[in-house]
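Chain residues, written in single-letter form:
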Amino acid sequence: MSLQLLTYIVVGLSFALYIGIAIWSRAGSTKDFYVAGGGVSPLANGMATAADWMSAASFISMAGIISFSGYDGSVYLMGWTGGYVLLALLLAPYLRKFGKFTVPDFIGDRYYSRTARLVAIICALFVSFTYIAGQMRGVGVVFSRFLEVEVNTGVYVGMAIVLFYSVLGGMKGITYTQVAQYCIMIFAFMVPAIFISIQMTGNPLPQLGFGDRVADGTYLLDKLDGLHRELGFAEYTSGSKSTLDVFMITAALMLGTAGLPHVIVRFFTVPRVKDARKSALYSLIFIAILYTTAPAIAVFARTNLIETVSNQQYDKMPAWFSKWETTGLLDFDDKNNDGTIQYVADPNKNELTIDRDIMVLANPEIANLPNWVIALVAAGGMAAALSTAAGLLLVISASVSHDLLKKLVMPNITEKQELWAARGASVVAVLVAGYFGIHPPGFVASVVALAFGLAASSFFPAIVMGIFSKRMNKEGAIAGMVFGLGITLYYIARFKLNWIGNIENSGPDNWWFGISPEGFGTLGMLFNFIVAIVVSRFTKKPPVEIVEIVDNIRIPRGAGQAQSH
Amino acid sequence: MDAATKKAYWRENIKYLIFLLIIWFIVSFGCGILLVDFLNQFQIGGFKLGFWFAQQGAIYCFLVLVLAYIILMNRLDKKYNVNE
């Protein structure tokens with residue numbers, strides 16, 4: 001069977017599965033739609049959260065980024081897992097006890113203010129739209145590479161699938177589909193990794209394999225460091241970023257993870273506070289499987305790549321080489337006309353440019369794995385992009401129908417009307433996301449800086465202070481959110497997107513304290529805390545009933561009853 | 001449940017949080033970033049220790065931390081009779 005046909009079959013089967021689950025788990029009430037009825041088991045919720053969390057970027061790009069940046073890539077590994085410790089300890093149990101539907105719900109109620117709710121809605125929408133545009137693009141890209149259709153066709157098919165199960169099932173449909181998507185995704189990620197680990201080191205566990213010895217008895221990592229030195233690259237196991245920058249980026253990714261609305265909302269879907277804690281552990285376990293394997297894949301792929309291409313005859317390259325050349329993601333320019341590939345650090349002598357996304361997608365081909373593994377990787381990449389897109393869609397539709405419409409504009413609509421409004425909002429959101437996927441705006445490439453920076457500098461401090469400080473009032477929280485968000489937006493617009501100021505003085509030399517835009521969310525968060533605390537000390541204490549709410553969310557008992565209201 | 005018991009429960013909870021978050025900071029920002037060059041002098045198997053913490057060890061420690069949190073909190077909830 002040809003690879004093409006096999007890929008169609010595997011991807012088609014996975015889509016049929018998602019649609020089947022959607023029909024089985026239709027949403028009957030707004031509670032089903034927003035939080036899956038609040039009755040999801042912690043294990044299923046953990047898997048769904050993991051699938052929701054791991055996007056096309058985690059699945060396709062992350063190992064590639066690490067592969068090309070070595071130690072510096074650690075910021076993503078620690079950043080995107082360490083945030084779950086903050087979530088589990090500081091947010092999840094309390095938000096579950098609070099027991100509403102959305103993050104703006106918490107901000108609006110805790111800070112007894114329509115303005116605070118509105119600020120939260122705007123943040124949630126902005127973060128989610130930035131993030132989802134990248135996902136729709138990811139769906140299109142996976143389609144186009146494996147099924148050889150136009151990127152845009154891929155986006156349309158992806159839109160249709162997501163639309164079907166998120167509109168029909170809401171959070172309930174999304175949660176159970178994500179459980180299936182997690183299984184497909186992790187299987188697709190692990191199988192090639194295990195194969196290659198055995199091929200290269202004889203160790204079936206990739207997590208141990210990349211620290212093991214290769215056939216000639218040297219350690220794989222030492223060998224890779226040696227290859228890097230030979231070709232003039234920085235050593236793989238030591239980075240080139242400054243320690244301060246690595247610190248700030250890691251912190252921003254952790255704080256951002258703990259502040260992303262589509263992750264937080266997950267902990268509203270389990271029955272009890274105890275389950276929210278447990279569910280955070282399950283999510284982290286399921287995420288850690290992929291996140292501890294990715295650095296191993298990065299090392300295997302990097303070593304394989306250098307050994308295959310470096311100083312080899314161009315006309316003796318294997319078939320995958322020319323296949324990826326036609327996509328433009330791999331480019332050979334024979335500068336010295338010797339017919340041999342020079343892949344070195346010096347840009348004047350280097351003849352090969354490689355897109356980092358290739359590393360995961362082409363890895364099975366580079367390692368000569370069977371066709372069904374390659375087909376599986378396509379289905380896995382699709383599952384990763386679709387599951388994240390669906391989770392984000394839900395946040396967007398809930399923000400519009402619940403937070404904006406029900407809580408601010410038309411408080412008198414019935415539950416049935418609200419449910420239809422939620423469905424309508426998801427349709428519109430899919431269309432907008434699809435539009436962004438086909439015509440990606442410039443800021444999509446900066447999604448990491450934007451989404452995580454903004455979540456870290458706005459939501460994280462506001463929620464943490466809402467739980468841990470009884471003195472925090474609406475004036476302080478709003479001032480903190482607006483200031484933190486504002487300064488982070490300014491910094492990213494100034495140094496990442498170059499919308500403000502001159503291009504000439506936006507380089508790393510002009511960064512404040514040498515902090516890159518990706519790491520600025522950490523400073524934004526600190527500013528938010530400082531401004532909020534100072535302002536709250538000079539303004540009125542929060543009313544007694546708010547202090548009672550805070551007292552109440554600190555005690556686990558009673559979350560189950562709150563849920564049945 | 002009276003205010004004093006609530007306060008005592010909350011104080012113990014905060015104590016656990018501070019303890020666990022200090023470890024969280026040490027394994028990731030400490031071993032993986034600030035002390036990485038120092039730890040890289042040591043080797044376990046083929047891994048330099050600092051590099052291992054940054055790409056593997058920190059994540060395993062996070063898992064243990066969340067597990068410890070659950071065990072500690074479940075015990076605390078029972079002790080103060082606020083469990084469900």
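Chain B appears in an unreviewed UniProt entry as Sodium symporter small subunit domain-containing protein from Galbibacter marinus.

Naming follows an unreviewed UniProt entry, where chain A appears as Sodium/solute symporter of Galbibacter marinus. Per UniProt, chain A has the following entry under Sequence similarities (unreviewed entry): "Belongs to the sodium:solute symporter (SSF) (TC 2.A.21) family." Taken directly from UniProt, the Subcellular location (unreviewed entry) text for chain A runs: "Membrane".

## Here's the deal with the overall build of chain A
When helices and strands are counted, chain A shows 23 helices and 2 strands. C-alpha atoms of chain A, sized along the principal axes, occupy 80 × 55 × 40 Å. Looking at chain A as a whole, 58% of its 565 residues are labelled buried. Once local pairs closer than 6 in sequence are excluded, the contacts in chain A between residues at least 24 apart make up 82%.

## Observations regarding the overall build of chain B
For chain B, the helix and strand inventory stands at 3 helices and 2 strands. Each helix (α) and strand (β) of chain B, taken in turn from the N terminus, gives the series α-α-β-β-α. Since a compact globule built from 84 residues should have a radius of gyration of about 12 Å, the 17 Å found for chain B marks it as more spread out than a globular shape. Dimensions of chain B, computed from C-alpha atoms along their principal axes, come out at roughly 55 × 20 × 15 Å. By residue count, 35% of the 84 residues in chain B fall in the buried class. A separation of at least 24 residues holds for 51% of the contacts in chain B among residues at least 6 apart in sequence.

## Quick look at the interface of chain A and chain B
The partner chain B presents 34 residues to the 43 residues of chain A that form the contact. Secondary structure elements with two or more residues in the side of chain A that touches chain B: α5 (74–98), α10 (220–231), α11 (243–259), α13 (273–309) and α23 (559–564) of chain A. Sort the elements by how many residues they give to the side of chain A that touches chain B and α13 of chain A lands first, with 12 residues.

## So, the nonpolar core
Residues and elements named next belong to chain A. Counting residues in hydrophobic clusters, the biggest one holds 214 residues, and the most contacted among them are Ala88, Met185, Ile287, Ala379, Ala389 and Leu393. The leading source of residues in this core is helix α16 (residues 371–409), at 21 residues. Among residues more than four places away in sequence, those in contact with Leu393 are Ile132, Val162, Ser166, Ser426, Ala429 and Val430.

## Let's talk about the environment of Phe210 of chain A
Residues and elements named next belong to chain A. Note on placement: Phe210 falls in the loop between α9 (206–209) and α10. Given 30 C-beta atoms within 10 Å, Phe210 falls into the buried group. For the pair Phe210 and Pro295, spaced 85 residues apart in sequence, the C-alpha to C-alpha distance is 8.3 Å. In this view, Phe210 contacts Leu220, Leu221, Pro295, Ala296, Val299 and Phe300; residues no more than four positions away in its chain are not counted.

## Digging into the UniProt feature "transmembrane region" (unreviewed entry) in chain B
Residue and element names in this part refer to chain B. Annotation from UniProt places "transmembrane region" (unreviewed entry) at residues 16–39 and 51–72. In this annotation, residues 16–39 is assigned 96% helix and 0% strand; the end-to-end C-alpha distance for the span is 28 Å. Regarding residues 51–72, the helix share stands at 100% and the strand share at 0%, and the terminal C-alpha atoms are separated by 31 Å.

## Thoughts on helix α19 (residues 459–468) of chain A
In an α-helix, one turn spans 3.6 residues; hence positions three or four apart end up facing the same way. Among the 10 residues of α19 of chain A, 9 are classified as buried, and the element is accordingly described as predominantly covered. Among the residues of α19 of chain A, Phe459, Phe460, Pro461, Ala462, Ile463, Val464, Met465, Gly466 and Ile467 of chain A are the ones counted as buried.

## What about the UniProt feature "domain: Sodium symporter small subunit" (unreviewed entry) in chain B?
UniProt tags residues 6–83 of chain B as "domain: Sodium symporter small subunit" (unreviewed entry). With 82% helix and 5% strand, residues 6–83 of chain B has end C-alpha atoms that lie 13 Å from one another.

## So, unusual backbone geometry
Even without a glycine there, the phi angle at Phe513 of chain A is positive, about 50 degrees. By secondary structure assignment, the location of Phe513 of chain A is in the loop between α20 (474–495) and α21 (520–537). Within the chain, Asn81 of chain B stands out as a residue other than glycine whose phi angle is a positive 55 degrees. Positionally, Asn81 of chain B belongs in the segment after α3 (49–79).

## As for the packing of helix α7 (residues 114–147) of chain A against helix α17 (residues 415–438) of chain A
All names here are of chain A. The N-to-C vectors of α7 and α17 enclose an angle of 65 degrees; their axes lie 8 Å apart at closest approach. Crossing of α7 against α17: the hand is right-handed. Side by side, α7 and α17 meet where Ile132, Ala133, Met136, Arg137 and Gly140 of the first sit next to Ala433, Gly434, Phe436 and Gly437 of the second. Its residues assigned to classes, the contact of α7 with α17 comprises 5 nonpolar, 3 polar and 1 charged.

About the cut-offs
Residues numbered from 1 in each chain as written. Chains lettered and ligands numbered in written order. Predicted model: local features only at pLDDT ≥ 70, side-chain atom pairs only at ≥ 80, totals over all residues. UniProt positions renumbered as here; feature names shortened; annotations may be inferred. Helix = DSSP H or I, 4+ residues; strand = E, 2+ residues; numbered from the N terminus. Buried ≥ 20, exposed ≤ 12 C-beta atoms within 10 Å, placed from the backbone. Contact = placed C-beta atoms within 7 Å. Rg over C-alpha atoms; globule rule 2.2 N^0.38 Å. Core = buried A, V, L, I, M, F, W, Y, C linked by C-beta atoms within 7 Å. Axes fitted to C-alpha atoms, helices over the stretch in contact; angles between N-to-C directions. Left-handed = near helix turned anticlockwise from the far one by under 90°. Nonpolar A, V, L, I, M, F, W, Y, C, P; charged D, E, K, R; others polar.

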